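Understanding the architecture of this molecule
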There are 2 protein chains.
Amino acid sequence: MAPLRSFVEVLPESHFPLENLPYGVFRPSAGGSQAEPRPGVAIGDYVLDLSAVAAAGLFDGPLLKKSSCFSQTSLNKFLEMGRPAWKEARSTLQKLLSADEPTLRDNADLKEKCLFPMDKVQMLVPMVIGDYTDFFSSMHHAKNCGTIFRGPENPIAQNWFHLPIAYHGRASSVVISGTDITRPRGQAYPTPNSPPYFGPSMKMDFELEMAAIVGPGNELGHPIDVNDAADHIFGLVLMNDWSARDIQAWEYVPLGPFLGKSFGTSISPWIVTLDALEPFACDAPRQEPHPLPYLAETKHVNYDIPLEVWIKPSGHEHPSLVTKSNFSHLYWTINQQLAHHTINGCNLRPGDLLGTGTISGPHEESFGCLLELTWNGQKPLSIGGSSRKFLEDGDEVIFTAACKGNGYNVGFGTCTGKVLPSTP
Amino acid sequence: MAPLRSFVEVLPESHFPLENLPYGVFRPSAGGSQAEPRPGVAIGDYVLDLSAVAAAGLFDGPLLKKSSCFSQTSLNKFLEMGRPAWKEARSTLQKLLSADEPTLRDNADLKEKCLFPMDKVQMLVPMVIGDYTDFFSSMHHAKNCGTIFRGPENPIAQNWFHLPIAYHGRASSVVISGTDITRPRGQAYPTPNSPPYFGPSMKMDFELEMAAIVGPGNELGHPIDVNDAADHIFGLVLMNDWSARDIQAWEYVPLGPFLGKSFGTSISPWIVTLDALEPFACDAPRQEPHPLPYLAETKHVNYDIPLEVWIKPSGHEHPSLVTKSNFSHLYWTINQQLAHHTINGCNLRPGDLLGTGTISGPHEESFGCLLELTWNGQKPLSIGGSSRKFLEDGDEVIFTAACKGNGYNVGFGTCTGKVLPSTP
Ligand SMILES: [Ca+2]
Ligand SMILES: [Ca+2]
Ligand SMILES: [Mg+2]
Ligand SMILES: [Mg+2]
Ligand code: NI
């Protein structure tokens, strides 16, 4: 099938052709912080303002015609409406933006109201996040961390192969791509006979993750079947689960990570829908032991999403590539994660964020964090001539991802953040 | 000082005299689910409707006169205003409700609008909870759990005495007292050579906790000083952190508790303010090793709050007392908890919930959960003639607490919940 054509220019390398149409929330820069946030989709180098499209009466399908979901400051209401509304919106927008469709193409006034150059908008966290959960679903990451911290014998705990391990993360400190991240202060392991270290983290790291955005939730006490899970997931974003390894190592026994993580988590602004990712579905890894019935899915798939991490040290002109991984390395699928999350009756709400955990591949070049890439600082990495054990002040970390279609990309743009020095 | 007198009848054993005035959010039962939730304070067996008091123009202080904080469906806006507004509200309400003050006392119409019998209202979770954190601050609880799970040598991990250990909990499943709790299903430890158990939890437990409600929050990257922490805490509630010990034991390595907790957490409806608790302040336990400077407070106090847990098995006419503990057993104070929570820059928001962790005292009669009381089921407890290792379906668990003043109580009412059988 030939790529779809839009009247909005979409360069061949763009992440945002008509096949993608990812959702975000933005504010036109011209309005400053006064301008109301509103939902939009990305098309080429433009953002289509969905509140303006709705106001013009162009959502004419049965589910969206009378809905106020696009005159909200977040996507939560649209997320709650579920897959039928998402499909209706996608088909309306693909038609509206297509090269053959005059409605918007030939209406200069309307185009002026609806289309904003991407560099003239400010992107915001697109949903109210009631709860953020972070999984631990890459076997390679689990194995590497276990080996580094507990040695090569039984690096992966027995439970890991039976359930998608996860912990609750901090929702308040989830920030949008581009937000600077201040190096956290905290306690770290004491040396024998001395008090614990206290000061700026000396082992600040990134974690290459993606995260699912929950659509319709479930009532407390009513689990979601693994084979229905996909209908509760709207789409995916890139996520950097910034981590302070020294703080984490000292605090995490027995209740898990806390301050080693909660100082910031960055997400990319554009939610790529599962509908847009459908052409990139691929078999997920075979699971042995076979999962318990509540985790056994009839369609056990991942998506082929190539992932890259680049680091640009302060003063460097160009970023350097530090790892290449792929979403398809996940052992536990996002559907299994969601089904497991609710099996005890826990309720999910629209807008909840489910991080995959660090996505490491089998080889050194595909490890998803510096802890693994430098083997806990033992093998420093060369980054454009600088040496790195962990992140230094001024380092900018850039995640990017794009699925390669036949003549087009379905991309995620970037998820970036720069490390600021600790404040006293 | 003689007890304060209100024109509303307050029986001597009441938890809610003029000295208390705890805050909640309620809906008059007469209106059904149509009636708007609104803030109220408890006085004797009545609830004073703060939206009606505000509408009548009776909040005449400089901070509250023009505020819409009491015409909200949650307390978040009032929480955000901070201690000066809280003090102003307390002084206005103590005057308005006092026996000598005619404004409300002698206005039958207004009384009809403002005062609802407590048994004619439905209480709701009084704030939007952005994030819920659960600490682990009773040394006796930490020691007992460590001994049960890892043996009597070094039951408490080295880090415990240096920092208030905590984990992120699940905000979506925090429910109001009186909500039934469905027994969770989940995985538990396999026996050798068998797959993990899957089914209804066989070790369902309560955890006797209290929780602090955050007032004004902090900006990401800007920690709160431990000596300012009290100004960021509005008050306390009772909290039952329902726990499934078998699910928890199997899942919690290495990232901490997840589904063993997230099926439900109950809180009592009335937030007792730190101002009301002030007369019950008492020295907190001496800390050795001395805490790091960021945790060293000039005023290291707890509150003397006697706590009780009662269980009423299905079919029993009366509940039986199963434990008596006290808030003052906490090793880490709520101010230390809050300061630690933000030291890495993590931002708190108004309405955040900070659980203390299970509050166990030094003696068997003061242990705060069945895990400790029955020593993981090894020493069943007799409850009104029934034997209990863990909770059974139909058991109602009732927490209550009241500080004993000179001729009055400052009480918390109750935090209750009944265990429903697991659904298939
Ligand atoms: Ca992570
Ligand atoms: Ca707890
Ligand atoms: Mg993080
Ligand atoms: Mg709980
Ligand atoms: Ni949350």
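Residues numbered from 1 in each chain as written. Chains lettered and ligands numbered in written order. Predicted model: local features only at pLDDT ≥ 70, side-chain atom pairs only at ≥ 80, totals over all residues. Heavy atoms only, no water.

**Notes on the interface of chain A and chain B**
Stated precisely, the cut-off is as follows: Any two residues whose heavy atoms approach within 4.5 Å are treated as being in contact. Once two parts are put together, the accessible area they lose, assessed with a 1.4 Å probe and summed over both, is termed the buried area. Counted as salt bridges are all cases of a side-chain nitrogen of Lys or Arg within 4 Å of a carboxyl oxygen of Asp or Glu. Residues adjacent in sequence count toward polar contacts only when both atoms are side-chain atoms; beyond that, a polar contact is any pair of N or O atoms within 3.5 Å, and within protein one must be able to donate a hydrogen and the other to accept it. Put simply, DSSP marks the helices as runs of H or I at least four residues long and the strands as runs of E at least two long, and each gets a number from the N terminus on.
The interface of chain A with chain B comprises 54 residues on the first partner and 54 residues on the second. Summing both partners gives a buried area of about 5300 Å² for chain A against chain B, and 62% of it is carried by carbon and sulfur. The tally of links from chain A across to chain B stands at 4 salt bridges. We note a salt bridge from Arg170 of chain B to Asp131 of chain A, for which the minimum N-O separation is 3.4 Å. Taken together, the connections running from chain A to chain B amount to 25 residue pairs in polar contact (both at pLDDT 80 or more). Element by element, the count of residues in the side of chain A that touches chain B is highest for strand E7 (residues 166-168) of chain A, at 3 residues.

**With respect to the pairing of strand E25 (residues 396-404) of chain B**
Residues and elements named next belong to chain B. Just so we agree on the cut-off: We call a residue buried when its accessible area falls under 20% of the maximum for its residue type, exposed when it is over 50%, and partly exposed in between, using a 1.4 Å probe and counting protein chains only. DSSP-based pairing: two strands are paired if at least 2 bridges between them are found.
Most of E25 sits inside the fold, with 7 of its 9 residues counted as buried. Across 6 bridges, the pairing between strand E20 (residues 306-312) and E25 is antiparallel. Opposite Ile311, over in E25, you have Val397 as the bridge partner. Relative to strand E26 (residues 409-420), E25 runs antiparallel, the two being bridged by 8 bridges. Bridged to Ile398 within E26 is Thr416. Between E25 and E26, which pair antiparallel in sequence order, lie 4 residues; one of them, Gly407, sits at a positive phi of approximately 90°.

**Observations concerning the sheet that holds strand E2 (residues 38-43) of chain B**
Paired through backbone hydrogen bonds, the strands of a sheet run either parallel or antiparallel to each other. All names here are of chain B. Inclusion rule: In this analysis an axis means a line fitted to C-alpha atoms, helices contributing only their contacting stretch, and an angle means the value between N-to-C directions, from 0 to 180 degrees.
Ordered by their spatial adjacency, 5 strands build an open sheet running E4-E3-E2-E1-E5, and the pairing between neighbours is antiparallel. One side of each edge strand has no neighbouring strand; the edge strands of this open sheet are strand E4 (115-117) and strand E5 (121-124). Strand-to-strand twist in this sheet, taken as the mean axis angle between neighbours without regard to direction, amounts to 45°. Bridge analysis of strand E1 (residues 23-28) against E5 gives 4 bridges, and the strand direction is antiparallel. Considered in E5, the bridge of Pro28 is made with Val121.

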